[in-house]
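Per-entry structural report
Residue-level listing of the chains:
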Amino acid sequence: MAHDEVGGAGLPQERRIVTAIPGPRSQELEARRKRAVAPGVASSMPAYVVAAGGGILRDADGNQIVDLGSGIAVTTVGNANPRVVARAQEQLAAFTHTCFMVNPYESYVEVAEALNRLTPGDHEKRTVLLNSGAEAVENAVKIARVHTRRNAVVVFDHAYHGRTNLTMAMTAKAAPYKKGFGPFAGEIYRAPLSYPFRDDAAAGTKVTGEEAAARAITLIDKQIGADDVAAIVIEPIQGEGGFIVPAEGFLPALVDYARANGIVFVADEVQTGFARTGAMFASEHEGIVPDLVTTAKGLAGGLPLAAVTGRAEIMDSVGAGGLGGTYGGNPAAVAAALGAIEAYEQDRLLERAGAIGEIIVRRVEALQAKHPEIGHVRGRGAMQAIELVQRDTIDPHPELAKAVAGHAAANAVLVLVTGTYGNVLRFLPPLTISDALLEEAFDVLEEGFAQALG
Ligand SMILES: *Cc1c(COP(=O)(O)O)cnc(C)c1O
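Residues numbered from 1 in each chain as written. Predicted model: local features only at pLDDT ≥ 70, side-chain atom pairs only at ≥ 80, totals over all residues. Heavy atoms only, no water.

Some details on the sheet that holds strand S15 (residues 424-427)
The strands that make up a sheet pair up through hydrogen bonds in the backbone, lying either parallel or antiparallel. Defined as follows: Strand pairing is assigned whenever DSSP detects at least two bridges linking the two strands. Helix and strand definitions here come from DSSP, where helices need a minimum of 4 consecutive H or I residues and strands a minimum of 2 consecutive E residues; each element is numbered from the N-terminal end. Throughout, an axis means a line fitted to C-alpha atoms (over the contacting stretch in the case of helices), and angles, computed between N-to-C directions, take values from 0 to 180 degrees. Note on contacts: a residue pair is in contact if any heavy atoms of the two residues lie within 4.5 Å.
Ordered by their spatial adjacency, four strands build an open sheet running S11-S12-S15-S14, and the pairing between neighbours is antiparallel. The strands lining the two open edges of the sheet, one partner per strand, are strand S11 (374-380) and strand S14 (416-418). The average angle at which neighbouring strand axes cross in this sheet is 25°, direction not considered. Running over the sheet, helix H12 (residues 349-370) touches S11, strand S12 (383-388) and S15 and is turned about 175° from S11.

Observations regarding the nonpolar core
Stated formally: Nine residue types can take part in a nonpolar core, namely buried Ala, Val, Leu, Ile, Met, Phe, Trp, Tyr and Cys, and a core is a set of them joined through side-chain atoms within 4.5 Å. Each residue's exposure class comes from its accessible area (1.4 Å probe, protein chains only) as a fraction of the maximum for that residue type: buried when under 20%, exposed when over 50%, partly exposed otherwise.
Grouped together as the largest cluster of nonpolar side chains are 88 residues, with contacts concentrated most on Leu 68, Leu 425 and Phe 427. With nine residues, helix H11 (residues 331-346) is the largest single contributor of residues to this core. Leave out the neighbours within four places in its chain, and Leu 68 touches Val 413, Leu 414, Arg 426, Phe 427, Leu 428, Pro 429, Ile 433, Leu 438, Ala 441, Phe 442 and Leu 445. Counting residues in each nonpolar core, the second largest holds 32 residues, with Tyr 195, Ala 212, Ile 217 and Ile 263 among its members.

Digging into the packing of helix H13 (residues 398-410) against helix H14 (residues 435-453)
Spelled out, the test is: Reported orientations rely on four angle classes, namely roughly parallel under 35 degrees, roughly antiparallel over 145, roughly perpendicular from 65 to 115, and oblique for the rest. Note on convention: the crossing is left-handed when the near helix lies turned anticlockwise from the far helix by less than a right angle, right-handed when the turn is clockwise. Here the nonpolar group is Ala, Val, Leu, Ile, Met, Phe, Trp, Tyr, Cys and Pro; Asp, Glu, Lys and Arg are the charged ones; every other residue, Gly included, is treated as polar.
At a minimum axis separation of 8 Å, H13 and H14 run at an interaxial angle of 130°. When the axis of H13 is compared with that of H14, the two are oblique. Between H13 and H14 lies a crossing of right-handed hand. Judged by residue contacts, Leu 400, Ala 403, Val 404, His 407 and Ala 408 of H13 engage Val 444, Leu 445, Glu 447, Gly 448, Phe 449, Gln 451, Ala 452 and Leu 453 from H14. Here the contact of H13 with H14 is built from residues that sort into nine nonpolar, three polar and one charged.

Focus: H11
Where we set the bar: A helix is expected to span 1.5 Å for every residue after the first.
Look at H11: 23 Å from first C-alpha to last across 16 residues, which is about the 22 Å you get at 1.5 Å a residue. For H11, a buried count of 13 out of 16 residues is recorded, marking the element as mostly surrounded by other parts of the structure. Immediately downstream of H11, the backbone of Arg 348 shows phi near 55°, a positive value.

What to know about the side chain of Gln 64
Quick reminder of the rule: For this analysis, a polar contact is any N or O atom pair within 3.5 Å, provided that within protein one partner can donate a hydrogen and the other can accept it, and provided that sequence-adjacent residues contribute only side-chain to side-chain pairs.
Assignment of secondary structure puts Gln 64 in strand S3 (residues 64-67). Judged by its relative accessible area of 0%, Gln 64 is buried. Here the side chain of Gln 64 touches Pro 12 through a polar contact of 3.0 Å, landing on its backbone oxygen.

A closer look at the side chain of Thr 294
If you trace the backbone, Thr 294 turns up in strand S9 (residues 292-295). Contact partners of Thr 294, with chain neighbours within four places excluded, come to Ala 136, Val 137, Ala 140, Val 266, Ala 267, Asp 268, Glu 269, Val 270, Ala 307 and Val 308.

Focus on the sheet that holds strand S10 (residues 306-311)
With mixed pairing, the seven strands of this open sheet are ordered in space as S4-S10-S9-S8-S7-S5-S6. Looking at which strands have only one partner, the edges of the open sheet turn out to be strand S4 (125-130) and strand S6 (188-191). Pairwise comparison of adjacent strand axes, ignoring direction, gives a mean angle of 20° for this sheet. By the bridge criterion, four bridges tie S9 to S10 in an arrangement that is antiparallel. Across the sheet, Leu 292 pairs through a bridge with Gly 310, a residue of S10. Contacts between helix H9 (residues 250-260) and the sheet are confined to strand S5 (152-156), strand S7 (229-234), strand S8 (264-268) and S10, with S7 contributing the most and set at about 165° to the helix.

Side note on the site of the ligand
The following threshold applies: In these notes, residues near a molecule or strand are those with any non-hydrogen atom within 4 Å of it. Accessibility throughout is a Shrake-Rupley quantity obtained with a 1.4 Å probe, and a residue counts as covered only by protein chains that appear here.
Close to the ligand lie Ser 132, Gly 133, Ala 134, Tyr 160, His 161, Gly 162, Glu 235, Asp 268, Val 270, Gln 271 and Lys 297. Contact between the ligand and Ala 134: an oxygen atom at 2.8 Å from a main-chain N or O atom of the residue. Here Asp 268 contributes a side-chain N or O atom positioned 2.7 Å from a nitrogen atom of the ligand. Expressed as a share of its isolated accessible area of 380 Å², the protein-covered part of the ligand is 82%.

A closer look at the packing of aromatic side chains
What counts here: The criterion for an aromatic pair is that two Phe, Tyr or Trp rings (for Trp, the six-membered ring) have centres within 6.5 Å, with stacked assigned to planes under 30 degrees apart, edge-to-face to planes over 60 apart and tilted to the rest. Placement of a charge over a ring requires the Lys NZ or Arg CZ to be within 6 Å of the ring centre, with the centre-to-atom vector within 35 degrees of the ring normal.
This structure, assessed with the given rule, holds nine aromatic pairs. Joined through ring pairs, the aromatic side chains of Phe 95, Phe 100, Tyr 105 and Tyr 108 make up one cluster. Over the face of the ring belonging to Phe 184 we find Lys 178, whose NZ or CZ atom lies 5.3 Å from the ring centre.

Regarding the pattern of salt bridges
Note the following rule: A carboxyl oxygen of Asp or Glu within 4 Å of a side-chain nitrogen of Lys or Arg is what we treat as a salt bridge.
Per the stated rule, a full pass over the model turns up 26 salt bridges. With a shortest N-O distance of 2.6 Å, Glu 387 and Arg 198 are connected by a salt bridge. One end of the pair, Glu 387, is in strand S12; the other, Arg 198, is in helix H7 (residues 196-203), and 189 residues separate them in sequence. For Arg 198, a relative accessible area of 13% translates into the label buried. Of the charged contacts in the structure, one is a salt bridge between Glu 351 and Arg 348, with a shortest N-O distance of 3.0 Å. When sorted by exposure, Glu 351 lands in the same class as Arg 348, which is exposed. Because the salt bridges share partners, they merge into one network encompassing Arg 362, Arg 363, Lys 370, Glu 439, Asp 443 and Glu 446.

All we've got here are geometric facts, nothing functional implied.
Here is the structure:
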């Protein structure tokens, strides 16, 4: 392998277009994939990756793609981050698995200690480690139900919590996540969200966070009954739903309501956690202290690991043997997490997320001044998005999102489309991307808008 094909920090930090994207080698692999891989697993960009690091994905044809997706908010510390790789390699050579439920090991305990220290609030906490975000959300619900001896779970419009049976029920969007996959788990109730862009347009005035919370709380009181609610589960900023930042005051009002009614408040920080928003956790922006926090994506620098961290008195409700799983807290994944956490704490990544956010917001606001189809710019830190609409309306414009993302892909920039209406472009670069690459990516997006809108 030539030196510049080595991934991680060694990969040259430049966009390179060597062939059409996807190139011949990727197309060959795509043909093989069609015969071998279930078509239900789709890919945003069929460029097959051979190395990645900094802000670059290198594909099988030698193209170098600017990464504005981080594998969906996972490689926040950078792909193949040296701290992550060194620790995971050392662990793999020592032992690969024991099952923590059979023979425990220190690194699992160390990750639990780190999560207990880093998540919001200085109360006594406990952590359980799992494999995926969906599994973390499932376990948070199990724990809340045992603790409260209640059944009902409140979730919100536009929510995304995963693809398992329980979390499909909790996820809002039908196609492609739920359609045909029912019947779904029961006792899941959906409440209205605070969605400032659409709420304000519908009301013709600014809807405050408190007003939006009152709307949700009325529904809970009248249609479920607070005494039957085990948990309120919410993403502090909705991810797949379109990076919806609720109006200020919405989350604190829900936390107060939960506390007053003995309901476990669960912040699903699977996407927002770990420096992404410029704080270690997005809950911190509004000073809320959740009872339970679910984490996954950014936790282990790309290895599969997830967690539920929460108040000791809630976590202690489940007896021995009630939680776990064969692979939960796998030794290589927890070693990687210790490397990633070291990076978050020692490499000034919170500040870097803030600086990246400023560049993105400057670029997209300049674009918005030219193109009123950019209806809304929103997000925090290095988790930013634009919602695209038909000119002078709030009607979604998914075709424009697709056209701009397509132009970007053809020009070696990866940008992800999301949102309930498929009309949101989201920007989630690794925090190791250079300013120069980020600016270059937005030059390409600017061309994409100019081309699509004429
Ligand atoms: C991605 C995501 C999940 C599901 O995580 P998986 O690891 O894909 O199971 C759950 N909640 C939120 C907020 C997410 O963004």
